[in-house]
Amino acid sequence: MFRRSSVLLLLLPVVVLLVGCGSSDSKAGSGRLAVEQATVDRPVSQAQAALRFVIDNGTGTDDTLESVTTDVAGSSTIHESALSGGMATMKARDSVAVPAGSKVTFAPGGLHVMLEDLRRPLEVGDTFDVTLHFARAGSVTVTAKVVSPGAMTDDQEHDHG
Ligand SMILES: [Cu+2]
């Protein structure tokens, strides 16, 4: 009997925490839309590089990523990689939905932004500005960093927790 009641006492703070979260006024998380972890692998050539980042829509409103622009590339296109009949394919996307309260990850192998016709060499440690254009949030400019190929793999895995 003593044991049972102490277990209940231990659980109580957890329940209070959960209720506290649920009844919070901001059911919209951070309350803003943020773009995080913008990186690109050091490209092997000036032809192209795949930009990765995470869009965190902490608002209570659905949004849409409509385009991405940057000075370092002649063109930047939203792409999605997929497997089709055992073949890896990439197709252009006009826009990507970013539902309220969700995180959308762009990374090679899935959604990504293909930078093509690079205007200057990108070396590890270099940074450049990237502007994401959203239907509601407007333009969000972030600094993207050039990293060693493969350097981000571990980080990305941990992000899913
Ligand atoms: Cu691509």
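Quantities reported herein were computed from a predicted structural model and do not represent experimental measurements.

Rules used in this analysis
- Residues numbered from 1 in each chain as written.
- Predicted model: local features only at pLDDT ≥ 70, side-chain atom pairs only at ≥ 80, totals over all residues.
- Helix = DSSP H or I, 4+ residues; strand = E, 2+ residues; numbered from the N terminus.
- Contact = placed C-beta atoms within 7 Å.
- Core = buried A, V, L, I, M, F, W, Y, C linked by C-beta atoms within 7 Å.
- Buried ≥ 20, exposed ≤ 12 C-beta atoms within 10 Å, placed from the backbone.
- Pairing = 2+ DSSP bridges.
- pLDDT = per-residue confidence, 0-100.

A. How the structure looks around the overall build of the chain. For the chain, the count of helices and strands is two helices and 10 strands. Reading the secondary structure of the chain in the N-to-C direction produces α-β-β-β-β-β-β-β-β-β-β-α. The contacts of the chain with a sequence gap of at least 6 include a subset with a gap of at least 24, amounting to 71%.

B. Main features of unusual backbone geometry. Of note, the phi angle at glutamine 37 is positive, near 55 degrees, even though the residue is not glycine. For glutamine 37, the location among the structural elements is in strand S1 (residues 33-41).

C. Up close: the nonpolar core. Counting residues in each nonpolar core, the largest one holds 24 residues, and the members touching the most others are Leu51, Leu115 and Val130. Taken together, the elements giving at least two residues each to this core come down to S1, strand S2 (48-57), strand S3 (63-69), strand S4 (73-84), strand S8 (111-118) and strand S9 (127-134). With sequence-adjacent residues up to four places away left out, valine 130 is seen in contact with Ala38, Leu51, Val68, Thr70, Thr141, Val142 and Ala144.

D. Inspection of the pairing of S9 at higher detail. Going residue by residue along S9, you find Phe128, Val130, Leu132 and Phe134 tucked away on one face and Thr127, Asp129, Thr131 and His133 left uncovered on the opposite face. Looking at chain direction, S3 and S9 are connected through four bridges and run antiparallel. Along S9, the bridge assignment pairs leucine 65 with phenylalanine 134. One ladder, built from eight bridges, connects S9 with strand S10 (residues 138-147); its direction is antiparallel. When the sheet's bridge partners are listed, threonine 131 is paired in S10 with threonine 141.

E. Region of the structure containing the environment of valine 35. Considering the arrangement of structural elements, one finds valine 35 in strand S1. Under the C-beta neighbour-count criterion, valine 35 is labelled buried, with 21 such atoms within 10 Å. Considered as a pair, valine 35 and valine 104 are 69 residues apart in the sequence and their alpha carbons are 9.6 Å apart. Leave out the neighbours within four places in its chain, and valine 35 touches Phe53, Ile55, Leu132, Val140 and Val142.

F. Structural detail: the confidence of the model for the chain. Of all residues in the chain, 76% attain a pLDDT of 70 or more, and the chain-wide mean is 84. Low confidence marks residues 15-28, where pLDDT is under 50. Its contacts with residues over four positions away, or in another chain, come to six contacts. The low-confidence segment residues 154-161, where pLDDT is below 50, has one contact with residues more than four positions distant or belonging to other chains.

G. Looking closely at the pairing of S1. The sheet contact formed by S1 and S2 spans six bridges and is antiparallel. Residue glutamate 36 lies in a different strand from S2, and its bridge partner there is valine 54.

H. Spotlight on the environment of threonine 105. Take threonine 105: it is sitting in strand S7 (residues 103-106). What makes threonine 105 partly exposed here is the crowd of 17 C-beta atoms within 10 Å. For the pair threonine 105 and glutamine 37, spaced 68 residues apart in the sequence, the C-alpha separation amounts to 9.8 Å.

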